[in-house]
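Commentary on secondary and tertiary structure
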Amino acid sequence: MTTAPSTSADEATQPPTPARQRSGWSALRPLILRLHFYAGVVVAPFLLVAALTGLLYAASFQAEKIVYDHELTVPVGDRELPISEQVAAARKAHPEGTVSAIRPSPEAGATTRVMLSGVADVDPNHTLAVFVDPYTGEVRGALEQYGSSGALPLRTWIDEFHRDLHLGETGRLYSEFAASWLWVIAGGGLVLWFSRRRALRKIRGTSGRRRTLGLHGGIGAWAAVGFVFLSATGLTWSTYTGANIADLRASLGQETPAVSAAAGGEHAEHGTAGRTGGDAAHGVGLDRVLAAARAERLDNPVEIVPPADAASAYVVKQIQRSWPEKQDAVAVEPVTGQVTDVVRWADYPVLAKLSRWGIDLHTGSLFGLPNQIALMLLAASLVLLILWGYRMWWQRGRGSSFGRPIPRGAWQQVPPYILVPLLAAIAVLGYFVPLLGIPLAAFLAVDIVLGEIAHRRV
């Protein structure tokens, strides 16, 4: 769940029972309770920011369609122009930069996007997307675009706010910290909730702190699986844990395959001999390249990436992130127009597929609008859980001040046969998830020192 202990005031203030009278769950519960309470109190502000910005991001997909309707949609015409003519129209209106990719109109009434890199006043990590009417060649506008999902300015701003608070790489630590702890807090709260007697879980007919606890625990129990999922998938592209996951996948041979863009045969050295400043028309041209990809069953939506240099081929790849996923890719030799390499989604390793599905489900792409609504509900429930958690903390102080902390020393009541394996598991987990392991170690160190100080004062 999130921020406050799933226990009553009486349970929290009882002195620890001697270790000889406690074993198993009865000894472990106070430790989980203390961890859930303190982790919730400390991490909740980070989770609150992540939840609010995540809610905005889930809503931004539909908002983007409304805000940029003029650029994204056109009246349906009788026939589409060849892709080469559409790119030529975009280059006539925007001769700056170089063509880095082309996304032909994916469906009737949708515009074609011609992406330009190296454009002045555009973030080097972004591109300028020129929107072309595929039926008339009219340029409908140009907008800055980011990422493989084709995020436009509104969604890009919200995405970066959610990911790093617009603070760059340093800011990414906030989201990784929140994701590292979310599953711990949710899992601990879930265990505490179901360990309570059924009578204590009721909400109807209760009031005060018990009612707040019932709302906090009840909603949290329903949402816990979603929180664990968001935590796990969010960590896959985080700074430190994400790198560890990538290394693990590489060691297991589960990396995402990529099509080889090397142009083959004797033509490799002059495959782009006729190239002119970023017009994307090299060798056989875009129309034959797209036709070669269609012959390999690459249907819409696709993206065409022109050769990077004289030794490179065109790459055409499917970019559908909704269900069913379309991620096939081919390389096309620029002089002969022959397909030189093919990568199929069906041949992806298991972990590569799971990673792709997890990320797309996390971002709201996999199942479209229902996916986005589910994410907004999860984000809203997390906000409520945090507020209820802090309210319970206040109510522990009987409404006059913030509540009393959970008594320390719970770990001393845990039998060695449970404590030793638990510490070993935490150490391993902390190594792979450093923004969980390092803060946890710091908290334990401070807690032990404060406990020792308090003991000496007695």
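Every value quoted in this text rests on a predicted model; they were computed, and no experiment measured them. (Residues numbered from 1 in each chain as written. Predicted model: local features only at pLDDT ≥ 70, side-chain atom pairs only at ≥ 80, totals over all residues. Heavy atoms only, no water.)

A closer look at the overall build of the protein
Definition in use: Each helix is a run of H or I in the DSSP string that is no shorter than four residues. Each strand is a run of E no shorter than two, and both are numbered from the N terminus. Partly exposed describes any residue whose relative accessible area lies between the buried limit of under 20% and the exposed limit of over 50%, with all areas from a 1.4 Å probe on protein chains only and scaled to the type maximum. In this analysis, two residues are considered to be in contact whenever any of their non-hydrogen atoms come within 4.5 Å of each other. Note that accessible areas follow from Shrake-Rupley with a 1.4 Å probe, and for residues the cover is restricted to the protein chains shown.
Regarding its fold elements, the protein presents 13 helices and eight strands. In the protein, buried positions account for 48% of the 458 residues. Taking contacts inside the protein between residues at least 6 apart in sequence as the whole, the part at least 24 apart equals 66%. Total accessible area on the protein stands at roughly 22,200 Å², and carbon and sulfur atoms take up 63% of it.

Brief notes about the packing of helix H7 (residues 208–235) against helix H10 (residues 350–363)
So the rule is basically this: To obtain each axis, a line is fitted to C-alpha atoms, and for helices this fit is confined to the stretch in contact; angles are then taken between N-to-C directions over 0 to 180 degrees. Should the near helix be turned counterclockwise from the far one by less than a right angle, the crossing is left-handed, whereas a clockwise turn marks it as right-handed.
Contact geometry for H7 and H10: axes closest at 9 Å, N-to-C directions at 120°. Crossing handedness for the pair H7 and H10: left-handed. For the pair H7 and H10, contact is made by Phe229, Leu230, Thr233 and Gly234 and by Gly358, Leu361 and His362, respectively.

Some words on the confidence of the model for the protein
Keep this limit in mind: pLDDT measures how confident the predictor is about each residue, on a scale from 0 to 100.
On average, residues of the protein score 87 in pLDDT, and 86% of them reach the 70 mark or higher. Segment residues 265–277: pLDDT under 50, and 24 contacts once partners within four positions in sequence are set aside and those in other chains are kept.

Looking at the nonpolar core
In summary, soluble globular proteins display a tendency toward joint burial of nonpolar side chains. Threshold: Buried Ala, Val, Leu, Ile, Met, Phe, Trp, Tyr and Cys residues that are joined via side-chain atoms within 4.5 Å together make up what is termed a nonpolar core.
Counting 29 residues, the largest nonpolar core has Val43, Leu47, Trp181, Ile185, Phe227 and Leu382 as its most contacted members. When residues of this core are traced back to their parent elements, those giving at least two are helix H2 (25–67), helix H6 (168–195), H7, helix H11 (368–396) and helix H13 (434–457). With eight residues, H6 is the largest single contributor of residues to this core. Ignoring anything within four residues of it in the chain, the contact list for tryptophan 181 reads Leu35, Ala39, Val43, Leu435, Leu436, Pro439 and Leu440.

What about the packing of aromatic side chains?
We count it as follows: Think of it this way: a Phe, Tyr or Trp ring, Trp meaning its six-membered ring, pairs with another when their centres are within 6.5 Å, and the plane angle makes it stacked under 30 degrees, edge-to-face over 60, tilted otherwise. As a reminder, the over-ring test applies to NZ of lysine and CZ of arginine, requiring each to be within 6 Å of the ring centre and within 35 degrees of the ring normal.
Going through the model one piece at a time under the given rule, you end up with 11 aromatic pairs. Judged by centre distance (5.8 Å) and plane angle (45°), the ring pair of tryptophan 323 and tryptophan 357 falls under tilted. Taken together, the residues tryptophan 323 in the loop between strand S6 (314–318) and strand S7 (329–332) and tryptophan 357 in helix H10 connect sequence positions 34 residues apart. The lysine or arginine in question, arginine 155, covers the ring of phenylalanine 61, its NZ or CZ lying 4.4 Å from the ring centre. Between lysine 353 and the ring centre of tryptophan 345, over which it is positioned, the NZ or CZ distance is 5.7 Å.

Some remarks on the environment of phenylalanine 131
Checked against the element boundaries, phenylalanine 131 lands in strand S3 (residues 127–132). Assessed through its relative accessible area of 0%, phenylalanine 131 is described here as buried. Along the chain, phenylalanine 131 and valine 87 lie 44 residues apart, while their C-alpha atoms are 9.8 Å from each other. Not counting residues within four places of it along the chain, the set of residues in contact with phenylalanine 131 comprises Glu71, Leu72, Thr111, Thr112, Arg113, Glu138, Val139, Arg140, Gly141, Ala142, Leu143 and Leu152.

What about the pattern of salt bridges?
The test is simple: Salt bridges, as used here, are contacts in which a Lys or Arg side-chain nitrogen is within 4 Å of a carboxyl oxygen on Asp or Glu.
Within the structure shown, the criterion is met by 11 salt bridges. Ionic pairing is found between arginine 140 and glutamate 138, a salt bridge with its closest N-O pair at 3.8 Å. Among the residues examined, glutamate 138 registers a relative accessible area of 39% and is labelled partly exposed. The partner of aspartate 159 in a salt bridge is arginine 163, and the shortest N-O contact between them spans 3.1 Å. On the criterion of helical spacing, the pair formed by aspartate 159 and arginine 163 is a turn pair, its members being four residues apart in helix H5 (residues 153–164).

Let's talk about helix H8 (residues 240–251)
Note the following rule: One fewer than the residue count of a helix, multiplied by 1.5 Å, yields its expected span. Our arc is simply the arc of the directions from the helix axis toward the C-beta atoms.
The end-to-end C-alpha separation of H8 is 17 Å, in line with the 16 Å expected for 12 residues at 1.5 Å each. When we look at burial in H8, the residues that qualify are Thr241, Gly242 and Arg249. Taken end-on, H8 shows its buried residues confined to a sector of 100°, consistent with a single buried face. In H8, the exposed positions angled more than 90 degrees off the buried face are occupied by Asp247 and Ser251. Looking one or two residues past H8, glycine 253 carries a phi angle of roughly 70°, positive in sign.

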